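# Structure assessment
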Amino acid sequence: MKVAILSGSVYGTAEEVARHAAGILNAAGFEAWHNPRANLADVQAFAPDAFLAVTSTTGMGELPDNLQPLYSSIRDQLPAAWRGLPGAVIGLGDASYGDTFCAGGEQLRELFGELGVREVLPMLRLDASESVTPEADAEPWLAELVIALRG
């Protein structure tokens, strides 16, 4: 199964979590693809069977700049080939920001909903005010994702 990992990062933490997730998925026998600078044509050329989105939140709850163009392209085109594919989201944020905590992840969940991507696990919310090792903190959830994708 080919898993496209979409990521948005401001300071590199979400990108590191995405790279770590790719390693775990590859080790589990999946073909994980992660390109933090991907455009829509890149993702479509990979022809994914599943999606994992990993993003931090910036500003007043926006997606990071490196993910905005891809997000907009997907939203504008809503590729029909992705309808029904499994997907999941990891959101990174800081709970001290209140209402905008993991808002970037929520935007990707909404986009997946519009695309018809099936959410196979509830979004993982990684809180920067509680964690210094988000990639390690994501491992139990990623193990569940492997099981869900195999199921």
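Residues numbered from 1 in each chain as written. Predicted model: local features only at pLDDT ≥ 70, side-chain atom pairs only at ≥ 80, totals over all residues. Heavy atoms only, no water.

For the protein, an unreviewed UniProt entry supplies the name Flavodoxin and the organism Pseudomonas azadiae.

One can find Glu 15 in helix H1 (residues 13-27). When residues no more than four places from it in sequence are discounted, the contact partners of Glu 15 are Ser 7, Ser 9, His 34, Pro 36 and Arg 37. (Helix = DSSP H or I, 4+ residues; strand = E, 2+ residues; numbered from the N terminus. Contact = heavy atoms within 4.5 Å.)

Applying the stated criterion across every chain, the model contains three aromatic pairs. Ring pairs connect the aromatic residues Phe 51, Trp 82 and Phe 112, which therefore count as one cluster. Residue placement shows Lys 2 over the ring face of Phe 46; its charged tip is 4.7 Å from the ring centre. (Phe/Tyr/Trp six-rings, centres within 6.5 Å; stacked < 30°, edge-to-face > 60°. Lys NZ or Arg CZ within 6 Å of the ring centre and 35° of its normal.)

This next bit is on the UniProt feature "domain: Flavodoxin-like" (unreviewed entry) in the protein. Within the UniProt annotation, "domain: Flavodoxin-like" (unreviewed entry) is assigned to residues 3-146. The distance separating the terminal C-alpha atoms of residues 3-146 is 11 Å; by composition the span is 40% helix and 21% strand. (UniProt positions renumbered as here; feature names shortened; annotations may be inferred.)

This paragraph deals with the nonpolar core. Judged by nonpolar contacts, the single largest core of 25 residues is most densely connected at Ile 5, Leu 25, Leu 52, Val 54, Ile 90 and Trp 141. Elements with a minimum of two residues in this core: strand S1 (2-8), H1, strand S3 (50-55), strand S4 (86-93), strand S6 (124-127) and helix H6 (139-150). If sequence neighbours within four positions are ignored, Leu 52 has contacts with Val 3, Ala 4, Ile 5, Leu 6, Ala 21, Leu 25, Ala 88, Val 89, Ile 90, Trp 141, Leu 142 and Leu 145. Core analysis: the second largest hydrophobic core is formed by 24 residues, Phe 51, Leu 70, Ile 74 and Trp 82 among them. (Core = buried A, V, L, I, M, F, W, Y, C linked by side-chain atoms within 4.5 Å. Buried < 20%, exposed > 50% of the residue type's maximum accessible area, 1.4 Å probe, protein only.)

This next bit is on the pattern of salt bridges. One pass over the full model with this rule turns up seven salt bridges. Of the charged contacts, one joins Glu 15 and Arg 37 as a salt bridge, the two residues approaching to 3.9 Å between their closest N and O atoms. One end of the pair, Glu 15, is in helix H1; the other, Arg 37, is in the loop between strand S2 (31-34) and helix H2 (40-46), with 22 residues separating them in the sequence. For Glu 15, a relative accessible area of 14% gives the class buried. (Salt bridge = Lys/Arg side-chain N within 4 Å of Asp/Glu carboxyl O.)

A few words now on helix H4 (residues 103-115). Its 13 residues place the ends of H4 18 Å apart at the C-alpha level, agreeing with the 18 Å of an ideal helix rising 1.5 Å per residue. For H4, every residue scored as buried is listed here: Ala 103, Gly 104, Gly 105, Leu 108, Leu 111, Phe 112 and Leu 115. Buried residues along H4 sit against S3, helix H3 (68-77) and S4. A positive phi of about 85 degrees marks Gly 116, the residue just after H4. (Expected span 1.5 Å × (residues − 1).)

Between H1 and H6, the least distance of the axes is 10 Å, while the angle of their chain directions is 45 degrees. Comparing the axis directions of H1 and H6 gives the class oblique. Helix-helix and strand crossings are classified by hand; for H1 and H6 the assignment is right-handed. Contact residues: H1 offers His 20, Ala 21, Ile 24 and Leu 25, while H6 offers Glu 139, Leu 142, Val 146 and Leu 149. Its residues assigned to classes, the contact of H1 with H6 comprises six nonpolar, one polar and one charged. (Axes fitted to C-alpha atoms, helices over the stretch in contact; angles between N-to-C directions. Parallel < 35°, antiparallel > 145°, perpendicular 65-115°, else oblique. Left-handed = near helix turned anticlockwise from the far one by under 90°. Nonpolar A, V, L, I, M, F, W, Y, C, P; charged D, E, K, R; others polar.)

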